[in-house]
Protein chains: 2
Amino acid sequence: MKVASHPQTTEGRILEVAAELFDERGYRGTTMRELASGVGVKAASLYNHFPSKQAILVRICLDGMREFYDGVLVRLQEIHDLRERMRQLIIWQVEAETRSPYATRISDEQLDALNPQSRRELIDLRDSFERILDNLLNEGKAQEIWHVPHVRVLCQGIIGICKVNPWYKTDGPLTPLQIGEMYAAFILKALAVGDPVLEQGSERA
Amino acid sequence: MKVASHPQTTEGRILEVAAELFDERGYRGTTMRELASGVGVKAASLYNHFPSKQAILVRICLDGMREFYDGVLVRLQEIHDLRERMRQLIIWQVEAETRSPYATRISDEQLDALNPQSRRELIDLRDSFERILDNLLNEGKAQEIWHVPHVRVLCQGIIGICKVNPWYKTDGPLTPLQIGEMYAAFILKALAVGDPVLEQGSERA
DNA sequence: CATTCAAGCTAACGGGTGTTAGTCTAGTAG
DNA sequence: CTACTAGACTAACACCCGTTAGCTTGAATG
């Protein structure tokens, strides 16, 4: 649940607690007094560290999203096999969801609580990530190793699978890595150009 | 976006507008004055139709969820082929998402805004639906027509794909039915017990 | 025509919200 | 030892929220 891993400073604790509360009760459902109480401080003291409630949201969302996106780039560099790239992409998404859900799952509710500039930056980052996935699907389609009826819709479907935060529990039977591997295998099998007999499809080229 | 399709009465319009606003801005992010304005009425007049803001949320969530769940039962009765049952289940989910997103997608934020009784009923309905999907997966596993490494996690993944509301646009290139069919084909292919060579899996029985 | 009542309205209340002003204190630099 | 400052605190402000009380109106009923 941590975001920037500065749990020793007060600023770090604020970000940590805020990320958790925003995730549980929503941005508007969390009051500065609750947040302060969670940090072990009075509400007014929060303003020694952040100029506004919205600024806290911005920090959490943007830091989380940047960390997520940079991590993708690092993770994918030097991997050239398309299947392995897809596998890593999926695992990374699931792991990010269980670490800092604010990264990949920006609800509309949070989006319109942001100022226009931050919102734009956030959307751009998200789009950049989706473009990576789109490109991957397009390449696999071009090389005819994957069956991709509609890139955009499939991209959204894959992202949808990876949003495990609403139901994931830390004490569950599977680790995030195991879940990610399972989904990766599932998706890769669905994508694979296989026995045409199996494709009793409802798509027409 | 409509919920109970009584758009002629004021009560119906309130439900209609509220469902849309709650979906866009969240329950707490929507004020009674905004809602009233959307209906074309003053805030106090809403209380001629509902005793409280929460009562409106309850109506929308429970009605939507009951309609969704009853629809599943109707849709699946008399279909006995497992693959076709799964297909219908997925299509129905996608269509429900584009019709009244409050049915299948109850966020935690909305859940803890409900009174305990309604929350319980809502969770029970959701669990009942998930049990249908679980059972379906279990049957397919038992009959050895599907490869199901972990029922619960796979169930959540399938549900995740179907949550199309955050990105679905009415003027998009595909209809909800087309999207549902695509996802159904995708999932059925991933589930199918196929060529073992393709299953370069990371699961160990 | 008189009565009733559903359903709109205005005005306001009590409480909670994000935020600010100003104060106090403990640790640090010179 | 003194001066300074970061960072906590108390008190309060201005505003917005859900909700209520009480009034008005216009259509339906007898």
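Let's talk about the protein's contact with DNA strand D
At step 1: Around DNA strand D, a shell composed of 16 residues is seen, among which A:Lys42, A:His49, B:Met32, B:Tyr47 and B:Lys53 lie nearest.
At step 2: Counting only the atoms of DNA strand D that lie within 4 Å of the protein, the sugar and phosphate share comes to 58%.
At step 3: With respect to DNA strand D, the side chain of A:His49 contributes an N or O atom lying 2.5 Å from a phosphate oxygen.
At step 4: One nitrogen or oxygen atom from the side chain of B:Arg33 is found 3.0 Å from a base nitrogen belonging to DNA strand D.
At step 5: Its residues assigned to classes, the surface near DNA strand D comprises 5 nonpolar, 7 polar and 4 charged.

As for helix 6 (residues 116-142) of chain B
Residues spaced three or four apart along an α-helix point in a common direction, a consequence of the helix completing one turn every 3.6 residues.
At step 1: Here helix 6 of chain B spans 37 Å end to end across 27 residues, near enough to the 39 Å set by a 1.5 Å rise per residue.
At step 2: B:Glu144 sits one or two residues past helix 6 of chain B and shows a positive phi near 60 degrees.

Description of the packing of helix 4 (residues 82-99) of chain B against helix 6 of chain B
When two helices pack together, their arrangement is given by the angle between their axes and by how far apart the axes lie.
Residues and elements named next belong to chain B.
At step 1: Between helix 4 and helix 6, the shortest axis-to-axis distance is 10 Å and the interhelical angle comes to 150 degrees. When the interaxial angle is binned, helix 4 and helix 6 end up roughly antiparallel. The element helix 4 and its partner helix 6 pack so that their crossing is left-handed. Listed contacts from helix 6 to Leu82, Arg85, Met86, Leu89 and Gln93 of helix 4 are Phe129, Ile132, Leu133, Leu136, Leu137, Glu139 and Gly140.

Re the protein's contact with DNA strand C
At step 1: DNA strand C sits among 16 residues. The nearest are A:Thr31, A:Tyr47, B:Lys42, B:Asn48 and B:His49.
At step 2: Near the protein, meaning within 4 Å, the atoms of DNA strand C are sugar or phosphate in a fraction of 56%, with bases accounting for the rest.
At step 3: Separating a phosphate oxygen of DNA strand C from a side-chain N or O atom of B:Thr10 is a distance of 3.2 Å.
At step 4: A distance of 2.7 Å is found between a base nitrogen of DNA strand C and a side-chain nitrogen or oxygen belonging to B:Asn48.
At step 5: Residue composition of the surface near DNA strand C, grouped by class: 5 nonpolar, 7 polar and 4 charged.

The rules behind each value
Residues numbered from 1 in each chain as written. Chains lettered and ligands numbered in written order. Predicted model: local features only at pLDDT ≥ 70, side-chain atom pairs only at ≥ 80, totals over all residues. Heavy atoms only, no water. Near = heavy atom within 4 Å. Polar contact = N/O pair within 3.5 Å; in protein donor to acceptor, adjacent residues only side chain to side chain. Nonpolar A, V, L, I, M, F, W, Y, C, P; charged D, E, K, R; others polar. Helix = DSSP H or I, 4+ residues; strand = E, 2+ residues; numbered from the N terminus. Expected span 1.5 Å × (residues − 1). Axes fitted to C-alpha atoms, helices over the stretch in contact; angles between N-to-C directions. Parallel < 35°, antiparallel > 145°, perpendicular 65-115°, else oblique. Left-handed = near helix turned anticlockwise from the far one by under 90°. Contact = heavy atoms within 4.5 Å.

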